[in-house]
Structures are given as structure tokens and as C-alpha cells.
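Coordinates in review
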Amino acid sequence: MTEVRPTPTATASLWERDEELAAVERALDALRADRSSSGSLLVFRGEAGLGKTALLAETRRIAEARGCTVWSARGSETLSSVPFNVVRQLLQPALLSLMPEEAREYLGDWYDIAGPALGITEPGERQADPQGVCDGLVVAVRRLARRDWPLVLLIDDAHWADQETLRWLAAFAEHVGEQNVLVMVARRPGEVSGDSARHLDTVAAAGSSVANLSALTPDATAGLTRATLGAHADAPFCREVWAVTGGNPYETVELLAKVQDSEFEPTESAAGELRALNRAARGGGLVARLETLGIDATRFAWAAAILGAGISVELVAELATMSLDDAVRCADLLRAARILTEPDPAGVQPDDGELQFVHPLIASAVYNSIPDALRTAMHGIAARVVTDNGHGAAVAARHLLEVHPDSDEELVEQLREAAREHLAVGAPDAARRCLERALLEPPVPEVHARVLHELGSATLLTAPATTIDHLQTALAMPGLDGDERLDAVYRLSQALLHNDQLEEAVRTVEAEAAKHAAGPARLRLQAVQFMWEGLHAGEADAAGRSARLAELAATCTGRDNPERALLILRGFDAMARGENAEEVVELCDRVLVNGRLAPGLGWTDPEWGLELPMMLASSYAFTDRLDRAEALYNEALRAYESAGWSGGHLSLAHAYVGLGHRRRGRLREAEASLRKSLALAERVGRRLPLHWSATCNLVDTLLARGHVDQAWQVAEDYGFAPPYPSTIVLPDPRSVRGRLLLATGRTKEGINELEAAEKAAAVRGHHNTVLVPWAVDLARALATEDPARAGRLATEVRRHAERFGTDTAIGEALRCAAALETGQRAVRLAEQAVTYLEASPCQYEHAAARVEYGIAARSSAELRRGLTLARSCGADGLVAQAEAVLAAGRI
């Protein structure tokens, strides 16, 4: 028979791995071709012991021989709860080799965002945004890959990687073709579920090659047996080795080592001994073999398994409560027994320590062999040991999570501290686990509510329904007073809002406000109540609410943030209702301090959130004060990018920057910003208010550009259709969808949608004809079918526009009226529209008015002026319309 053998330098686990190694060599050749080559991702899947680790080791050898830089990391069954554990292993060696100034230069603005997660710098005061940290890690690898090209990343046992690493790996994998780096991932099939499984599926889907490793064939097993024991190993013996091990390379190697230790001949007569030897090399047999080394060696191995990483003789000695001399002796015994070994120098990590287990299967077997009560106790001791050695609460937390509840006040405080550390680096899931464990202790009564409050704050953005339960329970208990209680009520109302329970959010804040006497606390709660009511698209008593808000705001001078909040809310409400724009602007200006947002009301300040500054900026945007609106929108974008918040906050910032461009008439820029916003919103989830904001504004912008087919496709792809959200979206989504339906020839559906917008606006009392423009489009749609109603609508639009008083509102009303007229009256109205819109900051509307006036007046000069404006705006539909009229020679 022909025996398939690996190269002389390869390990035994590389038998029959020619195809996989060929794929590795092809990927390395492609990587090294030039610096502009595309990256690639190889995934190796296989059960325990099939040689995944050996493949990665051989890849390292080949890559380094070809001049590549290789970084490696591995997951661990006992460390999967430690956030960023694997990605830290991967990147820390390279970053720690740089001076801090060099690292900051390479990572740029991402240094302060991703640096704390990587353990190379201290976290800031703000809670880190998990998505921002993930994006920062992607950028870190991209930039380091350019410096260290050709770069190879090896990740072993990815099924045991922590959640935060897997999130980064999935995000990185989706763009690996752009990174000029080779990534190799080894994992077992199955093993994980939930988000971890989803992330690993994303990695596999992005892989340029996914190999499922198989066991050794009988021929390969025979070849390996003879290579190890000698050519005289006979066929029956070799067949029995294969039958006993199932062709598992690791088990085969271990069994053959036991045969060598036993010194019996590899012949048919000895084949019957193989099953007993195999049992001794794994599982219970391994434990029995460990026990033969003595009580001290067993304790040492148990302590090493508890630590999991950073196994040093000194730490193990302290955990196992033995002298250093005894620990050194035990380490030697365990190395000789092939249970522990020294780390491979080629792949050693900064925190690896002096020892590691020969194989993950051995580590798991030893850990699981520790009696349950003793394992729990050792984790408690390990928490103290790692803390005493300067590793901090977050490192100790993984041990504290395993300790039995025992009403330990100190343990509760340690877990709370660990949760704060996890939140500071962008690991809210790890913080949640710590706080949930702290509740099991349980905390003393005066601390219990605070732990629930902290847990609710940690889960606010990831699990609003769970947050609601935690905070409602906390507020029903003693222990939350003063500002802590106010914050808990606000967080609860936020969670209810995110969970689409806006009416409950309003009732919660209203009930709490009723418990307070007049003063700053009550005023803050009233402001929050008005804020949520103002965002509620289906509020029944809109007129009454507006009157109460106007009465309360009339007493405010803007001397503190609760008063400033009420002024913002009053200004936004007045803007939406179409009250006098100059008065709206005067209210908004009273909020600013030296032209800027007051401390505590900024975009990243947690006390009030982003809703208030967004309302302030939007009030300016729809009162023709676009300079002030755009300054605030751009400030939001800079603030979130600087803070590394690249989830929902950054999505909204791009959406409103896009809205600013749209109002200004910079339609190309608006589309670019809104597509960024939508891409970010997709990562957070659909049907959320931020997703609606991105989609609605993008559809509106594409319609303005004249890209009707694209607008319809966006609406279809992203669900821009009823049912609409319970929160207000700017501009009004019913009006935008109605215009979309009309533009695509679905006239009856469009009219129905605009009439639905009419009813919704009437309930809310929203008469700003620019913010909620249903009447303008409905009047045009009814011009032929029902001219009398169309005329009444146009008259009503003009009345509301003149009450509001902005050039844009009046100019748009005149455009609508001109579209319903003919002859000289149409020309006069179109000319008046141009006059108003020329003074407006909204250049697209000005361009449209110029084109319509040029056509109505049969003036090629006016039409060409409109054409020039349309081109500068990126309004391709207007451009085509004007060019067609000029080409036809009708003017």
C-alpha cells in the first residue's frame, strides 16, 4: 500500500493535510505578490484532535520562512467570558512593541477608542460604545497590516473566543478582501450558539476557503505508526491503532507515545493492549494518570486549569498553597507526563506565563476532574490571587462569576467595579454578567436597588425589555434617592421608548413628577415628559399639551438645563405647529450659551441624551436658520466620531447631516451622508426610529434628485412603508411616501397616503408646510381630478406658510399655487415663488422654482438660470426637464 506522509519537518498531525497546506501556500503567495493585493480568509473546521492547531503552527513556519509577519491568538474554554481576550492576544505584542507616541500615530483618533479594549491605554470617563470599539479594532488591524505587510493572523479555537473578539472578527471578515492581510481561523463545528454562532457563521461565509478536516485514513495511521514505532510495526497492530483512535491524529500520537513508554512490541500479539492504553491517555484515564503523579502534582494541575492563562509557577504555587520548591518539582513532573509544556516561543504571548497545557483536551479534562465544591473554592482564591498580583477587578471577575452566592458584600462591590471596567472599554455584555451575578449574592438591601440601576443602564441599548424589568424593580425598592432616582426614572423612560412603549414612558415620568414639589427635580421630570410626548406621533391631546408647554416655558429664562430643555421643547413644538418662525428662533437662541450648547446638554452628555440637541438643531433647520442647524449637526458628527460611538448615535448624526445638506440643496452630499446613516442603522436593527430617519430622508433626497427608481428600490429594500413608528420622524414619512407613490405612477395609492398624512397632522396640530408637506403634493395630485379641493388646499398651504413666515414656506406655497393656475396668473405666482426662494437658503427649491418659472414665462434666460442651479444641486431630474424643454425649442 502507499502511505501518505507529511514533509520531514512537519508534525504527525499534518499527515493527509496536503490540500489544506496547498491552500495556505496559495494564499501566502497571493498576499506576498504586492502591497495592493487583496486579503483572504481561510477557515479550518474539525473536531477536537484533528490537527487544527498543527495546521496553524505549520502555517506560521511557512509564513515566517517566506518573510511574513505572523501574529497569533487562541480561545480558551475557561476564558470565553473575558472580553477582548483573544483580540488582545493577537494585537498586544505588536502594539506594546511601539512607543506610545508611535501607537497613537498609527491608530490616530482610534487610539483612545480601541486602546482601552486592547489594554494599551486607560479608558476615558465615558462609557465606550461597543460598535465604535469594534470599528476601531478593524481600523487598528488595517493600519498595522500596512505597516507590517505581509501580515498573517492566526486564530485558534475560535469557538472558545470571547463575544467581543468574535464581533470584531465578523466585522473584519466582511471586509477582509480590502485589508491586504491573510487571516486563518481554526474552530470546532457546533460548540456555540446565539450571537457567537452567528458571528462564526459570518466569518465562514466570508472565507475564501473553508476546509472541514477529516480523520486519518487507515493507510495514514499505519504510516504514522511505523514512523513513530519503527517499520516493523505489523499490519494488524496498525489497523488496531486506527480502530481504537478512529484516525484522530491527537489521540493517535498520544496512544503511540504510551506504546513507546510501555516498551512492548508493535505486533499483533500486543494489539489487545491498545484500548486500555488509549483509555489511560484521555478522559478518566488521564485523570487516573495524573493521580499517580501524587497529590501535590494533582493540586498543581488543578490550579493551572483554574488559572487557564498566564500560568506561572509562582501564581500556581500561591493558588495551590504550596511552597515554590514543591511547585517547581510538580511542574517538572507534569511536563514529563505530557500534561503541561512550555509555550512555543514562536507563538508566545505577553501574558502566556511559563506553562500551558499540551492540548485543550487535556486542559478541559483536568478542569472537569476538580470536585465541584473545590473548584468553586479555588475560583474564589484565584480571584484574590490575581487581584493581589495587580490584575484588577475585571480580570478577577471571571473567577468571581464561578463562586457560590454567600451574601458577600465585598464580592458584590468587586463585581460592580468589574462591570464599570467592562463598560469603560465597550463590553456591556460582560458588565451585564457581572451585575447579574452580583444580584444572586444578593446585595444588602441598601445596595440592591443600585445594582439593579447599574444593570439597567448597562443593558439599555442591547436589551430594552430586560432593562425595563430591572429599573422598575429598582424604583420599587428603597435605596435610590436624589439624582440616582431621577436618573433611573429617565433611563426607564428611555428603555420604554426604545421598546416602542412610548405611552408607558410618558406615564412613568408623569407619575414620578407628581411626587416632587416645585423645584429643579420636578422641572427636569416635566421636561422629560414633554420631550417624550413631543416625540409621540399618535398623541391624543396635542393642543392641550402644547398649551401647557407654552405656559410652563413662558416662566423659563434659560438659567439652567431643565429650563433650557423646556425652551427647546417649546421651540420644537412651535416650529412643528407652524407658529411664527421668528419667535421659534428667539426661543432657541435663549438656550445657547455664547452660541454653543450648554454643558450637560451636549451630544454625548448622558443626563439628557441626544433628543434635545437634535430637536434644537431641527427647529433651526425648518425655520431657515440652516447655518445654525448645520453647525449643530456637524458638531454631533464630530462628537460621536471622536467618542467612537459608531452605532445608533452616529447613524442619526449622519442622517441629520444629510438632512442639512438636503435642506441646503446639496443633494449629492445629502445622498452620501444618508447612505452612510442607513448602513450604520442596518447594523443596529430595522424598524427603529433611527432606521426610519435614515430611510425617509434618503427616499426624500432621491426623489429630489429625480432618481425615482432608486427611491422606490430603497423603500422596498428597507421597509419604508406602513406601519409607521410611534415616534416623530423628520420630515413626515407619510408625506414622503405619498410623494414617492405619485412619482412612480401609483396615483390612487399616493392620494390615499397623503390623506392619511393629513389626518395624522391634524391630530398633532402640525401645520408647518415644509416639515409636513402633504398638502402641497396632494393639491398637485388633485389638480385635474378635483380642482376645487386642490385650490382649497393650496389656499390653506399659503395661509399656514404666511403665518409661519419663512421664505421657504411661502415660496413653496406659491409654487403650489402656480402649478394649479394657467396663463399670466401662473406666471405671476411662479415669479413671486422665485423671489421668495431666492432669499431662502434652500437651493433645490429655488432651482425648481426657476425652472418652473422659465417654462411658464417661456423665458430661456430664466430656464437656463434654473438649469445652472439644478446642476449645482445634483438635481438630475430637474436638469433633464430643463434640457428637454430647451432642446425642443418650445421657448
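Cut-offs used in this document
Each chain carries its own residue numbering, running from 1 in the written order of its sequence. Residue-level local features of this predicted model are given only where pLDDT is at least 70; pairs of side-chain atoms are given and counted only at 80 or more, and the full residue set underlies all totals for whole chains, interfaces and linings. For the side-chain quantities, the full set of heavy atoms in the structure was used; hydrogens and water were omitted. Numbered from the N terminus, helices here are DSSP runs of H or I no shorter than four residues, and strands are runs of E no shorter than two. To sort residues, take the accessible area from a 1.4 Å probe on protein chains only and compare it with the maximum for the residue type: under 20% means buried, over 50% means exposed, and anything in between is partly exposed. Using a 1.4 Å probe, the Shrake-Rupley method yields the accessible areas, and only the shown protein chains count as cover for residues. Here, a salt bridge means any side-chain nitrogen of Lys or Arg that lies within 4 Å of a carboxyl oxygen of Asp or Glu. Every residue pair with non-hydrogen atoms within 4.5 Å of one another is taken to be in contact. At least two bridges found by DSSP between two strands are what make those strands a pair. Only the contacting stretch of a helix is used when fitting its axis, a line to C-alpha atoms as for every element, and angles between N-to-C directions run 0 to 180 degrees. Note on angle classes: values under 35 degrees are labelled roughly parallel, values over 145 roughly antiparallel, values of 65 to 115 roughly perpendicular, and the remainder oblique. Put simply, a crossing is left-handed when the front helix is turned counterclockwise from the back one by less than a right angle, and right-handed when it is turned clockwise. Lys, Arg, Asp and Glu make up the charged group, whereas Ala, Val, Leu, Ile, Met, Phe, Trp, Tyr, Cys and Pro make up the nonpolar group; the residues left over, Gly among them, are polar. Residue types Ala, Val, Leu, Ile, Met, Phe, Trp, Tyr and Cys, when buried and joined through side-chain atoms within 4.5 Å, form a set referred to as a nonpolar core. Confidence of the predictor at the level of single residues is captured by pLDDT, which takes values from 0 to 100. Working definition: a ring pair exists when centres of Phe, Tyr or Trp rings (six-membered ring for Trp) sit within 6.5 Å. Plane angles under 30 degrees give stacked, over 60 give edge-to-face, the rest tilted. Geometrically, a charge over a ring is one whose NZ (Lys) or CZ (Arg) sits within 6 Å of the ring centre while staying within 35 degrees of the ring normal. As used in this structure description, the phrase polar contact means that two N or O atoms lie within 3.5 Å; if the pair is within protein, one of them must be able to donate a hydrogen and the other to accept it, and residues adjacent in sequence are counted only when both atoms belong to side chains. Multiplying 1.5 Å by the residue count of a helix minus one yields the expected span of that helix. By arc we mean the arc of the directions from the helix axis to the C-beta atoms, nothing more. What makes a patch is a set of residues exposed beyond 30% relative accessible area and free of salt bridges, joined within 9 Å when like-charged and within 5 Å when nonpolar (Val, Leu, Ile, Met, Phe, Trp, Tyr). Positive residues here are Lys and Arg, negative ones are Asp and Glu, while His and the chain termini are left out of the count. Every charge is mapped onto a representative atom, which is NZ of Lys, CZ of Arg, CG of Asp or CD of Glu.

1. Notes on the overall build of the protein
Secondary structure summary: the protein contains 44 helices and seven strands in total. Overall size of the protein, expressed as C-alpha extent along the three principal axes, is 115 × 70 × 50 Å. Here the protein holds 891 residues, and the buried ones make up 57% of them. Accessible surface computed for the protein: about 35700 Å², of which carbon and sulfur atoms make up 50%.

2. Regarding the pattern of salt bridges
Going through the model one piece at a time under the given rule, you end up with 58 salt bridges. Here Asp 876 makes a salt bridge to Arg 705, at a shortest N to O gap of 3.3 Å. In this pair, Asp 876 is assigned in helix 44 (residues 876-888) and Arg 705 in helix 34 (residues 689-705), connecting sequence segments 171 residues apart. A residue is classified by how much of its surface remains accessible, and Asp 876, at 33% relative accessible area, is partly exposed. Look at Arg 705 and you get buried, because its relative accessible area is 9%. Bridged by salt links that share partners, the residues Arg 662, Arg 663, Asp 700, Arg 739, Asp 777 and Glu 845 form one connected network.

3. Considerations on the environment of Trp 532
Tracing the backbone shows Trp 532 in helix 26 (residues 520-535). Taking relative accessible area as the criterion, Trp 532 reaches 0% and is therefore assigned buried. Taking the C-alpha atoms as reference points, Trp 532 and Thr 557, 25 residues apart in sequence, are found 22 Å from one another. Those residues within four positions of Trp 532 in sequence are excluded, and the remaining contacts are Tyr 490, Ser 493, Gln 494, Leu 497, Leu 502, Ala 505, Val 506, Val 509 and Glu 611.

4. Quick word on the sheet that holds strand 5 (residues 209-212)
In space, the five strands of this open sheet follow the order 2-3-4-1-5, with parallel pairing throughout. If you trace the sheet from one side to the other, it starts and ends with strand 2 (69-74) and strand 5, each paired once. Recorded for the sheet is a direction-independent mean angle of 15° between the axes of neighbouring strands. Relative to strand 4 (residues 182-187), strand 3 (residues 151-156) is paired through four bridges, and the arrangement is parallel. Paired with Leu 153 across the bridge in strand 4 is Val 183. Taken strand by strand, helix 3 (residues 85-96) contacts strand 2 and strand 3, and its axis lies near 150° from that of strand 2.

5. Some points on the packing of helix 25 (residues 502-513) against helix 26
Running from N to C, helix 25 and helix 26 point in directions that differ by 165°, and their axes come no closer than 9 Å. With respect to helix 26, the axis of helix 25 lies roughly antiparallel. Handedness of the crossing formed by helix 25 with helix 26: left-handed. Across the interface between the two elements, Leu 502, Ala 505, Val 506, Val 509, Glu 510, Glu 512 and Ala 513 of helix 25 pack against Arg 522, Leu 525, Val 528, Gln 529, Trp 532, Glu 533 and Leu 535 of helix 26. Looking at side-chain class alone, the contact of helix 25 with helix 26 contains nine nonpolar, one polar and four charged residues.

6. Structural notes on the side chain of His 453
Within the secondary structure, His 453 sits in helix 22 (residues 445-458). For His 453, a relative accessible area of 9% corresponds to the buried category. Excluding residues within four positions of it along the chain, His 453 makes contact with Leu 471, Ala 474, Leu 480, Glu 484, Asp 487 and Ala 488.

7. Some details on the nonpolar core
The biggest cluster of nonpolar side chains holds 196 residues, and the ones touching the most others in it are Phe 300 and Trp 532. Grouped together as the second largest cluster of nonpolar side chains are 50 residues, Val 86, Tyr 111, Val 141 and Ile 155 included.

8. Examining the confidence of the model for the protein
Averaged over all residues, the pLDDT of the protein is 90; the fraction at 70 or higher stands at 96%. Across residues 1-10, where pLDDT falls below 50, the model places 17 contacts with residues more than four positions away in sequence or in other chains.

9. Focus: the packing of aromatic side chains
Considering all chains together, one arrives at seven aromatic pairs under this definition. Centre to centre, the rings of Tyr 633 and Tyr 656 are 5.5 Å apart; their planes meet at 40°, and the pair counts as tilted. Placement of the pair is Tyr 633 in helix 31 (residues 626-643) and Tyr 656 in helix 32 (residues 648-664), with a sequence separation of 23 residues. Taken as a pair, Tyr 633 and Tyr 656 share a single burial class, namely buried. Pairwise contacts between aromatic rings join Trp 603, Tyr 640 and Trp 645 into one cluster. The ring of Tyr 367 carries Arg 375 above its face, with NZ or CZ at 5.2 Å from the centroid.

10. Considering the side chain of Asp 135
Among the structural elements, Asp 135 can be located in helix 6 (residues 130-147). For Asp 135, a relative accessible area of 15% translates into the label buried. Among the polar contacts listed, one links the side chain of Asp 135 to the side chain of Arg 683, at a separation of 2.9 Å. Apart from the residues within four sequence positions on either side, Asp 135 is in contact with Trp 110, Ser 646 and Arg 683.

11. A closer look at helix 1 (residues 18-33)
Think of an α-helix as 3.6 residues a turn; residues three or four steps apart then line up on the same face. Its 16 residues place the ends of helix 1 22 Å apart at the C-alpha level, agreeing with the 22 Å of an ideal helix rising 1.5 Å per residue. Looking only at helix 1, the buried set comprises Glu 20, Leu 21, Ala 23, Val 24, Ala 27, Leu 28 and Leu 31. Seen end-on, helix 1 carries its buried residues on one side only, within an arc spanning 155°. Exposed side of helix 1, more than 90 degrees from the buried face: Glu 19, Arg 26 and Ala 33 are the residues found there. For helix 1, the elements touching its buried residues are strand 1 (40-45), helix 2 (52-65), strand 3, strand 4 and strand 5.

12. Side note on the environment of Arg 780
Mapped onto the elements, Arg 780 comes out in helix 38 (residues 774-781). On the basis of relative accessible area, Arg 780 is assigned to the partly exposed category, the value being 31%. Once the C-alpha coordinates of Arg 780 and Ser 677 are considered, the two residues, 103 residues apart in sequence, prove to be 31 Å apart. Apart from residues no more than four positions distant in its own chain, Arg 780 is found in contact with Arg 815, Cys 816, Ala 819, Leu 820 and Glu 852.

13. Looking at the pairing of strand 1
The element strand 1 is extensively covered by neighbouring structure, given that five of its six residues are classed as buried. With four bridges joining them, strand 1 and strand 5 adopt parallel strand pairing. Following the sheet pairing, Leu 42 is matched in strand 5 by Ser 209.

14. Focus: a negative patch on the surface
A grouping of Asp 406, Asp 408, Glu 409, Glu 410 and Glu 446 is seen on the molecular surface, where their side chains present a negatively charged patch. Within the secondary structure, Glu 409 is located in helix 20 (residues 409-424).

15. Some words on helix 27 (residues 542-553)
Taking 1.5 Å of rise per residue, 12 residues should cover 16 Å, and helix 27 covers 16 Å from first to last C-alpha, within 8% of that figure. Every buried residue belonging to helix 27 is among Ala 542, Arg 545, Ser 546, Leu 549, Leu 552 and Ala 553, and all of these are buried. For helix 27, the angular spread of buried residues about the axis comes to 130°, placing them on one side. Helix 27 presents Ala 543 and Glu 551 as exposed residues on the side facing more than 90 degrees away from its buried surface. In this fold, the buried residues of helix 27 make contact with helix 26, helix 28 (561-577) and helix 37 (747-764).

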